[in-house]
Amino acid sequence: MATTDAAGEFVDRPLVEPGVLQRREYQLQLAETARSAHTLVCLPTGLGKTTVSLLVTAHRLQEAGGKSLLLAPTKPLVQQHADFYREALTIDDEEIVVFTGEVKPDDRSELWEEATVVIATPQVVENDILGSRIDLSAVTHCTFDECHRASGEYPYTFIAERYHAEAEEPLVTGMSASPGDDEEAILQVCANLGIREVKVMTEDDADVAEYTHQTSVDWERVELPEPVVEIRDAIQDVIKERMTQLKELGVTSKTQPDVSEREIRKIQAKIQELMDADQSEGYQGMSLLAEVRKLRTAVTYAETQSVESLRRYLERLKNAARSSGASKADQRLVSEPKVREAVRKAENFDDLHPKFRRTRMLIAETLGINDGERVIVFTESRDTAETLTDFLGEHFDTRKFVGQSDTDGSDGMTQTQQQETLDAFRAGDFEVLVSTSVAEEGLDVPEVDLVLFYEPVPTAIRSIQRKGRTGRQTEGAVVVLIAEDTRDEAYFWKSRQDEKRMEEELRSLKDVTGEIESRLDEQVDLTTFDGDKDNADATADDDSHKGTKSRDGAGESDPSDENTATSDTDGQTGLDAFAPTGDDAVESASDDGDEDDGRVSDGTVATAGSEEGSEIVIDQRELDSAIGRDLARREGIETRLETLQVGDYVLSDRVIVERKTVSDFLDTLTGGDRSVFEQVKDDARYYDRPVVILEGEGLYEKRNVHPNAIRGALASLAVDFGASVLRTADEDGTADLLATIATREQETADREISVHGEKQSKTLAEQQEYVVASIADVGPVTAQALLEEFRTVEAVMAANEDDLLEVDGVGEVTAERIREVIGSEYEG
């Protein structure tokens, strides 16, 4: 391999800080491949995948310029990478920036322009792409850390697609210790990221073996005490009863309480068929299945975690059953005599799960008898993590490490708290770290003497990630605790088999690189990644009418047809005859109830990919759907993310859209929630043309709702609130319709976008709300609250920051922004 390094102890490369990176031949070999092709780098945990990426980044910045983007799945991992890059690169620290949800979107946009290296969570980058806040064209190297996540709707796939399409000189590096459970999964990851090379190194390689040490893995079985078995059996009796009822409904032949997840999914599919046929047995079955799922979780807590964790879970179920809007399943479950019996026995159980004592003993042996320094205990449950931390804290210096989100009865850790905990663990300030899965992937947790799995994990990827915390510099040990005759046993065997298969796959990948690349050539059509704009336009045209059918369902319209009133060969009048022209085009742009085809006054078809382009403002809460990503992919459509006070999508200064799935809409009719009408009422106050999109099939068939009730709701939306109600089959159809209306409004009717609306003939109150709502984008809801508090626009303008903070919905950021807009000197 050709390198510029002297045969010294450290790497000597442009932009790499001298004396920082230890020279390891396997890292240099991997970097050599990854700097010249889109490459998947597979390397055991703890052996420096990030160093490989950094070497490639340094080379690209030196040779091609531009900027580098590194994506990692968690905030602690992002911060860790940032610290490493600032230490190892000669680039100014200020040019290496971190993007997480804690950085304001407007700040990210400014930082992006100034940065040379951006290290970010993928969700933030996806949002910034959808919000048109960043431009990937100048990114010359993009790294996807823990790239095995690049499947399904995870943001990696969308970001990779956009990167290949927009970057002038793209280069992708994917990194993982465990890219997939089998060859097909690995190939899918490669296809999703546009990767063409696979470079694998294992501990069998001589260059790698020099830096690894033997790790022993022991599986220790523990026996459940009789009181715990009695608690479990009481819950399982209820599961058996519910399964028997499901069998009577004809959706399963099983009645045993240890029903598999695969069988659960089969049952759910059969129940859904009953519901789709509007049979009452379907709704009954779905409620029973919900109970079975909750009870199975309770059994798992009792068997594999701790009775204390079970108590916490059952308490959450009781609280849920008491809350307003509680499901019948929750109410039935907590009132079930045998569940109450299990609760009583759990409350009276004052002993410990045997795993607790075994954990304490193993840690004592490691830290005491064997003179160890650090131990990590992994557990699936935050409840168990907290209980273990308290228990082990009586004997060892112990701290927990959990995710950021709060759950019932449990506070998450902030990013700062996570970082401080890891720093303290590295520094040897405490001995035992009890962690949930947040510390599994890639975190630079220091070398430890023991990794203890409180329970087995069911996937090889997670098992490998956890084991990688030991055996880097010295010999390490891994112990997996298994409760006998419980779900632990099944997870243990599954993980073990998958892990062996994955290790075999990784070894075989080294021998069949050529075959892998050939298969990648077959799977990945790089025209979707090479930025071929002509091809992209053609694809957009092909897809622009997807799912749009005529009233009788006869088929799709052909965009190549000449737009004449009598273009149909059978002599019938075509739909083109009704295309509005001139002023009529403007007036009727969103009045008709059919999906609009975007025709303009000269008879041509206006597509989302036209030269001028259109903008669609998307509410942040709509990111759960794929619609935003679909729209962002379209040539000629620019997306922007906002936290909208009204509506889900803004298409012009007069058109706002509420999107409801059929299920959500029917929920408003059956659950007493009338929010859809309140939402449309607010929409109509600020926009002339509110639109409701009903997405999905089976509006009249899906629920046991009388058709007249549905018709009445639709009539109310149209007549009482002046909303156009349009139907789409799925998310693709919704995206098509949104693009069509936006194009028609902005390009045909030459209207502008406005997140505040431009409704004509406002009442005095509406005008007052509009003025206040426009201040620093506070929005109409906050505007109403401010006016209700201060009574006049003048008083709102005169209010100081402390007074503003007294208003519901106004926080420090909003108050500061209002005062800044009102009190700052104008600099036009």
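Since we're looking at a predicted model, the values are computed, not measured.

## Looking at the state of the cysteines
Phase 1: Under the criterion given, the structure shown has zero disulfides.
Phase 2: As a non-bridged cysteine, Cys147 has Cys42 as the owner of its nearest cysteine sulfur, 6.8 Å distant.
Phase 3: We classify Cys147 as buried; its relative accessible area is 0%.

## A few points about the sheet that holds strand β7 (residues 197-200)
By definition, the strands of a sheet pair up through backbone hydrogen bonds, in either a parallel or an antiparallel sense.
Phase 1: In spatial order, the strands read β3-β4-β2-β5-β6-β1-β7; together these seven strands make up an open sheet with parallel pairing. One side of each edge strand has no neighbouring strand; the edge strands of this open sheet are β3 (96-99) and β7. Neighbour-to-neighbour, the strand axes of this sheet turn through a mean angle of 15 degrees, independent of strand direction.
Phase 2: Where strand β1 (residues 39-42) and strand β6 (residues 172-176) come together, four bridges link them in parallel fashion. Bridge pairing in β6 links Thr39 to Thr173.
Phase 3: In the packing of helix α1 (residues 25-34) onto the sheet, the strands contacted are β1, β6 and β7, and the crossing angle to β1 comes to about 165 degrees.
Phase 4: Of the strands in this sheet, β1, β2 (67-71), β4 (117-120), β5 (139-145) and β6 touch helix α2 (residues 49-63), which is tilted by about 175 degrees from β5.

## Regarding the side chain of His38
Phase 1: Relative to the assigned elements, His38 resides in the loop between α1 and β1.
Phase 2: Relative accessible area serves as the criterion here: at 15%, His38 is assigned to the buried category.
Phase 3: Engagement of the side chain of His38 in a polar contact is seen with the backbone nitrogen of Val172, the distance being 3.0 Å.
Phase 4: Residues within four places of His38 in sequence aside, it is in contact with His164, Pro170, Leu171, Val172, Gly194, Ile195, Arg196 and Glu197.

## Quick notes on the packing of aromatic side chains
Phase 1: Applying the stated criterion to the full structure yields 10 aromatic pairs.
Phase 2: An aromatic cluster is present here, built from Phe144, Tyr154 and Tyr156 joined pairwise through their rings.
Phase 3: Positioned above the aromatic ring of Tyr454 is the side chain of Lys355, whose terminal nitrogen or guanidinium carbon lies 5.0 Å from the ring centre.

## Side note on the pairing of strand β12 (residues 450-453)
For a regular strand, side chains alternate in direction, first toward one face of the sheet and then toward the other.
Phase 1: Where burial is concerned, the two faces of β12 agree: the one with Leu450 and Leu452 and the one with Val451 and Phe453 are both buried.
Phase 2: Of the pairings in the sheet, the one linking strand β9 (residues 375-378) to β12 comprises four bridges and is parallel in character. Bridge pairing in β12 links Phe378 to Phe453.

## A short note on the sheet that holds strand β19 (residues 724-728)
Phase 1: Strand order across the open sheet formed by six strands is β15-β14-β16-β17-β18-β19, with mixed pairing between neighbours. The open sheet terminates on both sides in strands that have one partner only, identified here as β15 (637-642) and β19.
Phase 2: Pairing analysis gives two bridges linking strand β16 (residues 649-650) to strand β17 (residues 655-661), with the strands arranged antiparallel. Opposite Tyr649, over in β17, you have Val657 as the bridge partner.
Phase 3: Helix α25 (residues 675-686) contacts β17 and β18 (689-695) of the sheet and is inclined by roughly 170 degrees relative to β17.

## So, the pattern of salt bridges
Side chains that differ in sign of charge can pair as their charged atoms come close.
Phase 1: Evaluated as defined, the whole model comprises 44 salt bridges.
Phase 2: One salt bridge in this structure joins Asp237 and Lys338, with 3.8 Å as the shortest N-O distance. Placement of Asp237 in helix α9 (residues 226-248) and of Lys338 in helix α14 (residues 337-348) is noted, with a sequence separation of 101 residues between them.
Phase 3: Note that Arg654 is salt-bridged to Glu745, the shortest N-O span being 2.9 Å. With a gap of 91 residues between them, Arg654 in the loop between β16 and β17 and Glu745 in helix α27 (residues 731-748) connect regions that are remote in the sequence. In this structure, Arg654 and Glu745 share a single accessibility class: buried.
Phase 4: Through salt bridges with shared partners, one network takes in Asp237, Glu241, Arg242, Glu291, Arg332, Glu336 and Lys338.

## Here we look at the packing of helix α12 (residues 307-322) against helix α16 (residues 382-392)
Phase 1: Running from N to C, α12 and α16 point in directions that differ by 135 degrees, and their axes come no closer than 9 Å. The angle between the axes of α12 and α16 places the two elements in the oblique class. For the pair α12 and α16, the sense of crossing is right-handed. In contact with Glu308, Ser309, Arg312, Tyr313 and Arg316 of α12, α16 contributes Asp383, Thr384, Glu386 and Thr387.
Phase 2: Residue composition of the contact of α12 with α16, grouped by class: one nonpolar, three polar and five charged.

## Some thoughts on the pairing of β1
Phase 1: Along β1, one buried face is formed by Thr39 and Val41 and the opposite face, lined by Leu40 and Cys42, is buried too.
Phase 2: Bridge count between β1 and β7: four bridges; the pairing is parallel. In the sheet register, Leu40 faces β7, and the bridge partner there is Val198.

## Considerations on the packing of α1 against α2
Phase 1: Following both chains from N to C, one finds α1 and α2 inclined at 45 degrees, their axes separated by 9 Å at the closest point. In terms of orientation, α1 lies oblique with respect to α2. Helix-helix and strand crossings are classified by hand; for α1 and α2 the assignment is right-handed. On α2, the residues touching Gln27, Leu28, Leu30, Ala31 and Ala34 of α1 are Thr51, Val52, Leu55 and Val56.

Rules used throughout
Sequence positions are assigned chain by chain, starting from 1 and proceeding in written order. Only residues with pLDDT of at least 70 get local features here, since the model is predicted, and only at 80 or more are side-chain atom pairs given and counted; chain-wide, interface and lining totals rely on the full set of residues. As a rule here, side-chain values cover all heavy atoms of the structure and leave hydrogens and water aside. Defined by distance alone, a disulfide is two cysteine sulfur atoms within 2.5 Å. Accessible area is worked out with a 1.4 Å probe on protein chains only. A residue is then buried under 20% of its type maximum, exposed over 50%, and partly exposed in between. Pairs of strands are assigned from DSSP output, requiring at least two bridges between the strands. Note on conventions: DSSP H or I runs of at least 4 residues are helices, E runs of at least 2 residues are strands, and numbering of each starts at the N terminus. For helices, the axis comes from a line fit to the C-alpha atoms of the stretch in contact; other axes are also lines fit to C-alpha atoms, and the angle between any two N-to-C directions lies between 0 and 180 degrees. Contacts were defined at the residue level, with two residues in contact if any of their heavy atoms lie within 4.5 Å. Under this definition, polar contacts are N or O atom pairs within 3.5 Å; protein pairs additionally need one hydrogen-donor-capable and one acceptor-capable atom, and for neighbouring residues in sequence, both atoms have to be side-chain atoms. Any two of the Phe, Tyr and Trp rings considered here, Trp counted by its six-membered ring, make a pair once their centres fall within 6.5 Å; the pair's planes then place it as stacked at under 30 degrees, edge-to-face at over 60, or tilted in between. A ring is considered to have a charge above it if a Lys NZ or an Arg CZ atom is located within 6 Å of its centre and within 35 degrees of its normal. What makes a salt bridge here is a side-chain nitrogen of Lys or Arg within 4 Å of a carboxyl oxygen of Asp or Glu, nothing more. An angle counts as roughly parallel when it lies under 35 degrees, as roughly antiparallel when it exceeds 145, as roughly perpendicular when it falls between 65 and 115, and as oblique in every other case. In this scheme the handedness of a crossing depends on how the near helix is turned from the far one: anticlockwise by less than a right angle means left-handed, clockwise means right-handed. Residues are sorted three ways: Asp, Glu, Lys and Arg are charged, Ala, Val, Leu, Ile, Met, Phe, Trp, Tyr, Cys and Pro are nonpolar, and all the rest, Gly among them, are polar.

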